[in-house]
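Observations on the three-dimensional arrangement
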Amino acid sequence: MFDADLIKKVYEQMPNRVEKAKKKLKRPLTYAEKILYAHLFETQTLETFGRGKDYVDFAPDRVAMQDATAQMALLQFMNSGKETTSVPSTVHCDHLIQAHIDGKTDLSTSFNVNREVFDFLESVSNKYGIGFWKPGAGIIHQVVLENYAFPGGMMIGTDSHTPNAGGLGMIAIGVGGADAVDVMAGMPWELKMPKLIGVKLTGKLNGWTAPKDIILKVAGILTVKGGTGAIVEYFGEGAESLSATGKGTICNMGAEVGATTSIFAYDDSMERYLQATGRAEVAEMAKELKDVLSPDPEVYENPEKYYDQLIEINLSELEPHINGPFTPDLATPVSEMKKVAEKNGWPLDVSVGLIGSCTNSSYEDISRASSIAKQAVDKGLKVKSEFTITPGSEQVRYTIERDGYINTFEQMGGKVFANACGPCIGQWARPGAEKNEKNTIVHSFNRNFSKRNDGNPNTHAFVTSPELVTALAISGRLDFNPIEDTLVNDKGEKVKLDPPTGFELPVNGFEVKDAGYQAPAKDGSQVNVSVEPDSKRLQLLEPFAAWNGKNISGAKLLIKALGKCTTDHISMAGPWLRFRGHLDNISNNLLIGAVNAFNNESNKVKNQLTGEYGEVPAVQRDYKANNIPTVIVGDHNYGEGSSREHAAMEPRHLGVKAVIVKSFARIHETNLKKQGMLGLTFANEADYDLIQENDTFNFVDLESFAPEKQLTVEVVHADGSKDAIKLNHTYNAQQIEWFKAGSALNLIRKQNI
Ligand code: F3S
């Protein structure tokens, strides 16, 4: 499945390009810089780009899309005027499969419920030359790691955990569907040159610590915003001691610190993984380029000189961590959990332990978790919590079944869900969740925002390694520390769990009967893609209207969002996933999770036309019906979390003109720009406090919208008083053209037709 010719081409060009960049910059390069400079778009001139400052045009090698985001990406691509994608691209059906009974049953239910969407994705893939991974084939990031990721490569994916491929030394960046359309249409892909955070790993993991603990620790240090606009590059002897899949886990969760991506340099672990996954040819090519596929030696010697920020972690001293609840950066070492949980009143009984997901379902993860499960069976321990396993791919599932691990989990009462996202994305039909009872779950996934897993806002979700999830599920307690504590078995004896053991890769190799891949038609021109006009799930897109060239005036405040407002708050997942291909229907979830700063309630805002309170989408539709523009106001890191562009398209579709916040999460800010929205930040953060419930906004200088030039909005309050508020923006000239054209896609279409 991997494209050897493409990789060969990248490797042929890379040494020369890296050399040129070194000459231009007159200094040694980090690994991330080498890949970035080797992937400049053909029309991009080589310069010394300012990190965190200059926008650069890149040419990624490939694109991956998951089924939820692919719908909108492909609906947009269909409007681009292209006949096939310009770079190899794949679609992965993983998000739409709900976890309920067991893998087999849930998969067949999903086929019935989502047939229309799967058929659409399959036919569009077939038509435009896109590889199609069927439902049940696995989770996008695991499948990409197993088949497509390669050291030195650059890819984008319409999912925020795309950086998972950094485990194989690839720069892999999560984007919105509109970015995927750019790359598939052969256009340059623009990114602000990222800053660089170096993480030096010394020592070696031991006992109960796992690669997951490294990123849980990093998340605690950097917080959910600390990596914004930066690539996190790991190095040091500790890095080399980790498996490629362990590295993948760390890179995957770099999304939780807001990082653009995370990466490890090429090493033996990557060679082993490439060989084990049928890509010895790639390993051979990469080996030849080892020097190019790692930082220059001077970087190792003087890292503080080459990274904008440097973190050092000694793996030999690292403790297992449990992060949460409700945010992935609330890091607690296992030895302190008892004290911290009691102090915070977190429920101590663990109701469910869940392992797997794109983050943690490698062969190594499963074999190590299984070694703990086996001890429960062998030592006569009664497992206290429910336990589920979500394999990352059919290849992993088939192999772990063959090697007896699934059987071990089943003996301890575990249930195996489909190879899909399931409980990780709110696609978990958890019995009783609707009662909204306060409870604790522990999982090996990456995110734990409120309602993320089962829709219950009172579920306290904690993130940890699969090994620790298994131990906590056996004990049934959040404050169980397997390093110190004992459990009582069925004979009344005190027993201790030994530290996990496992295999980096299957001794007898990976095996799979049907990996679930479908190659596209050689000539897709005759393939028909149909969307029923009355479909509730899919809707062909109408281009957004171009800007009329005038200042926006008389805009009403739709909502002033208080505190955390992630893309889950803006465009909720769970049951709404089914409308990801239907812009009008999914717009009915606009901001329903956001907290209104004036009443501290969700989905209850004032309609300034009627003076009554209503649900956000209904109020916004009323403004739209009356041709009244609106503005959304938000707090810090607005739009953190997923890459879904629905969070930008919905307000655009419903007539919101501008989003003004204290700060943005990167992907969401770009998504707003691509959809022709104004994404602006308060020049003076304290001006957020000036915004009142009955405010009207008049932009005074939008007609002279220009790069690096502040905008001013006059805010008129109910008593007639006014505040002139200065707004910053990061639009460059090209992005201002998107705004003027109504969207980036409107410009692409113009160029292709
Ligand atoms: Fe899926 Fe969860 Fe990963 S939603 S892609 S398993 S983060």
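What you are looking at is a predicted structure, and each value in this text was computed from that prediction instead of being measured. (Residues numbered from 1 in each chain as written. Predicted model: local features only at pLDDT ≥ 70, side-chain atom pairs only at ≥ 80, totals over all residues.)

1. What to know about the overall build of the chain
- On a plain count of helices and strands, the chain comes out with 25 helices and 30 strands.
- A compact globule built from 753 residues should have a C-alpha radius of gyration of about 27 Å, and the chain, at 25 Å, falls within 12% of that.
- When the backbone C-alpha atoms are referred to their principal axes, the chain occupies close to 75 × 60 × 55 Å.
- A total of 753 residues make up the chain; the buried ones form 58% of that total. (Helix = DSSP H or I, 4+ residues; strand = E, 2+ residues; numbered from the N terminus. Rg over C-alpha atoms; globule rule 2.2 N^0.38 Å. Buried ≥ 20, exposed ≤ 12 C-beta atoms within 10 Å, placed from the backbone.)

2. Here's the deal with the site of the ligand
- Among the 14 residues in the neighbourhood of the ligand, the closest are listed as Ser-357, Cys-358, Cys-421, Cys-424 and Ile-425.
- When residues of the shell around the ligand are assigned to domains, at least three map to each of domain 1 (4-316) and domain 2 (340-428 + 438-495). (Near = placed C-beta within 6 Å. Domains from an automatic or database assignment.)

3. Remarks on the sheet that holds strand E27 (residues 678-682)
- Around the barrel, 7 strands lie side by side as E22-E25-E26-E27-E30-E29-E28; this closed barrel has mixed pairing. Taken over all neighbouring pairs, the strand axes of this sheet differ in orientation by 40 degrees on average, direction set aside.
- When strand E22 (residues 555-560) meets strand E25 (residues 630-634), the two strands line up parallel, connected through 4 bridges. If you follow Ile-559 over to E25, its bridge partner there is Ile-632. (Pairing = 2+ DSSP bridges. Axes fitted to C-alpha atoms, helices over the stretch in contact; angles between N-to-C directions.)

4. Thoughts on the packing of helix H7 (residues 211-222) against helix H9 (residues 244-252)
- Across the interface, H7 lies against H9 with an axial gap of 8 Å and an inter-helix angle of 20 degrees. The orientation of H7 with respect to H9, classified from their angle, is roughly parallel. Here H7 and H9 pass one another in a crossing that is right-handed. Within the contact between the two elements, H7 uses Pro-211, Lys-212, Ile-214 and Ile-215 and H9 uses Gly-246, Lys-247, Thr-249 and Ile-250.
- Class assignment for the residues of the contact of H7 with H9 results in 4 nonpolar, 2 polar and 2 charged. (Parallel < 35°, antiparallel > 145°, perpendicular 65-115°, else oblique. Left-handed = near helix turned anticlockwise from the far one by under 90°. Contact = placed C-beta atoms within 7 Å. Nonpolar A, V, L, I, M, F, W, Y, C, P; charged D, E, K, R; others polar.)

5. With respect to unusual backbone geometry
- The amide bond that connects Gly-324 to the next residue, Pro-325, takes the cis arrangement and shows omega of 0 degrees.
- Mapped onto the elements of the fold, Pro-325 is located in the loop between strand E12 (321-323) and strand E13 (331-333).
- With phi around 60 degrees, Leu-591 is a residue other than glycine that occupies positive phi space.
- Here Leu-591 lies in the loop between helix H20 (583-586) and strand E23 (605-606).

6. Regarding helix H3 (residues 67-77)
- Extensive coverage of H3 is indicated by the burial of 11 of its 11 residues.
- Here H3 has its buried residues at Asp-67, Ala-68, Thr-69, Ala-70, Gln-71, Met-72, Ala-73, Leu-74, Leu-75, Gln-76 and Phe-77.
- Contact partners of the buried residues in H3: strand E2 (62-66), strand E3 (89-92), helix H4 (103-128), helix H6 (177-184), helix H22 (646-654) and helix H25 (744-752).

7. What to know about the sheet that holds E3
- Strand order in the open sheet formed by 6 strands is E6-E5-E2-E3-E4-E21, with mixed pairing between adjacent strands. In this open sheet, the two strands that pair with only one neighbour each are strand E6 (171-174) and strand E21 (517-518).
- In this sheet, E21 lies alongside strand E4 (residues 131-133) in antiparallel orientation, the contact comprising 2 bridges. Across the sheet, residue Trp-133 finds its bridge partner in E21, namely Tyr-517.

8. Regarding the packing of helix H1 (residues 4-25) against helix H11 (residues 280-288)
- The contact between H1 and H11 brings their axes to 11 Å, and the two run at 0 degrees. Judged by the inter-axis angle, H1 sits roughly parallel to H11. On H11, the residues touching Ala-4, Ile-7, Lys-8 and Tyr-11 of H1 are Glu-281, Val-282 and Met-285.
- Of the residues assigned to the contact of H1 with H11, the class counts are 5 nonpolar, no polar and 2 charged.

9. Some details on the domain arrangement of the chain
- With domains assigned, the chain is organised as domain 1 (4-316), domain 2 (340-428 + 438-495) and domain 3 (555-752).
- Averaged C-alpha coordinates put domain 1 and domain 3 at centres separated by 30 Å.
- Facing the 35 residues of domain 1 at the interface are 26 residues of domain 3.
- Of all the secondary-structure elements, those providing two or more residues to the side of domain 1 that touches domain 3 are H3, H4 and H6.
- Counting residues per element, the side of domain 1 that touches domain 3 draws most heavily on H3, at 6 residues.
- Per-class residue counts for the side of domain 1 that touches domain 3 are 13 nonpolar, 16 polar and 6 charged.

10. Re the environment of Leu-591
- Owing to 30 C-beta atoms within 10 Å, Leu-591 belongs among the buried residues under this scheme.
- Residues Leu-591 and Met-253, 338 residues apart in the sequence, show an inter-C-alpha distance of 25 Å.
- Those residues within four positions of Leu-591 in sequence are excluded, and the remaining contacts are Ile-559, His-569, Ile-570 and Val-616.

11. Quick look at the pairing of strand E9 (residues 230-235)
- The buried fraction of E9 is high, at 6 of 6 residues.
- Across the two faces of E9 the burial is the same, with Ala-230, Val-232 and Tyr-234 and Ile-231, Glu-233 and Phe-235 all buried.
- Relative to E9, strand E8 (residues 195-202) is paired through 6 bridges, and the arrangement is parallel. Counted as the bridge partner of Lys-195 is Ala-230 from E9.
- Handedness of the crossover joining E8 and E9 through H7 is recorded here as right-handed.
- Pairing analysis gives 4 bridges linking E9 to strand E10 (residues 261-264), with the strands arranged parallel. (Right-handed = clockwise from strand over helix to strand, strands pointing away.)

12. Overview of helix H10 (residues 268-276)
- Every buried residue belonging to H10 is among Ser-269, Met-270, Glu-271, Tyr-273 and Leu-274, and all of these are buried.
- Of the surrounding secondary structure, the elements contacted by the buried residues of H10 are H9 and H11.
- One or two steps after H10, the chain reaches Gly-278, where phi turns positive at roughly 75 degrees.

13. Points about the environment of Val-63
- Tracing the backbone through its elements, the reader meets Val-63 in strand E2.
- Sequence-wise, Val-63 and Ile-173 are 110 residues apart; in three dimensions their C-alpha atoms are separated by 9.7 Å.
- With sequence-adjacent residues up to four places away left out, Val-63 is seen in contact with Val-87, Ser-89, Met-155, Ile-156, Gly-157, Ala-180, Val-183 and Met-184.

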